[in-house]
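# Analysis of the macromolecular model
Below, each chain spelled out in residue letters.
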Amino acid sequence: MRGKPLKATNITRVIGVADMTRAVLFYEQALGLEVLRTTPYWTDLTCGDGNLALQSHRPDPETAIHTMVIFAVADLDIAVRDVEAAGGALQSRHDNEHAPVLIAHVLDTENNVIQLAQPK
């Protein structure tokens, strides 16, 4: 029998956008969301007790992010191990020197991509 999995500490919902300025204005004007921080490629917005992130699409439509869920974890290696033990699979790992987190993209049992993020 497997031990208790590492708990995720936060969740971020991500929507891919083609035009960051247009998308931010839409969410501000249509739903009253407030911008926390923004770059040309990423914007964090608040929504009550939750949040929403907008991410610019990659140039290739085949690899563009449309929607994604990010779970913050304390230990990426343990979280990936727990995903694999539960029937998921590691898709890729990233350590972008400019990002404040280490990232793993994993597949759940239904082949949905989930991102795990460990603060550096």
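Details of the structure are given in the entry above.
The text that follows walks through the structure, step by step, so that each part is easy to find. (Residues numbered from 1 in each chain as written. Predicted model: local features only at pLDDT ≥ 70, side-chain atom pairs only at ≥ 80, totals over all residues. Heavy atoms only, no water.)

## Comments concerning the overall build of the protein
In plain terms, the rule: Helix and strand definitions follow DSSP, with helices as H or I runs of at least four residues and strands as E runs of at least two, each counted in order from the N terminus. When a residue's accessible area, from a 1.4 Å probe over protein chains only, is under 20% of the maximum for its type it is buried; when over 50% it is exposed; and in between it is partly exposed. In what follows, residue pairs with any heavy atoms lying within 4.5 Å of each other are defined as contacts. Here the accessible surface of atoms and residues is derived via Shrake-Rupley with a 1.4 Å probe, and residues count as covered only by protein chains that are part of the display. Positive: Lys, Arg. Negative: Asp, Glu. His and the chain ends are not part of the count. Lys charges are placed at NZ, Arg charges at CZ, Asp charges at CG and Glu charges at CD.
Per the secondary structure count, the protein includes 2 helices and 8 strands. Along the protein, helices and strands appear, N-terminal first, in the series β-α-β-β-β-β-α-β-β-β. Along the first, second and third principal axes, the C-alpha atoms of the protein reach 50 × 35 × 30 Å. Every one of the 120 residues in the protein was classed for burial, and the buried ones make up 32%. Taking as baseline every contact in the protein between residues at least 6 positions apart, the subset at least 24 positions apart corresponds to 46%. Surface summary for the protein: the accessible area is close to 7900 Å², and the carbon and sulfur share equals 54%. Between the averaged position of the 10 positive side-chain charges in the protein and that of its 15 negative side-chain charges there is a distance of 6 Å.

## Some thoughts on helix α2 (residues 76-85)
Condition: It is the directions from the helix axis to the C-beta atoms that the arc portrays. A 3.5 Å cut-off defines polar contacts: any pair of N or O atoms within that distance qualifies, except that in protein one atom must be a possible hydrogen donor and the other a possible acceptor, and neighbouring residues in sequence count only when both atoms are side-chain atoms.
Listed in full, the buried residues belonging to α2 are L76, A79, V80, D82 and V83. Projected onto a plane normal to the axis of α2, the buried residues spread over an arc of 160° and lie on a single side. Its buried side turned inward, α2 meets β6 (89-94), β7 (101-107) and β8 (113-119). If you check the start of α2, you find a side-chain oxygen 3.0 Å away from the backbone N of D77, and it comes from D75. G87, located one to two residues past α2, shows a positive phi value of around 105°.

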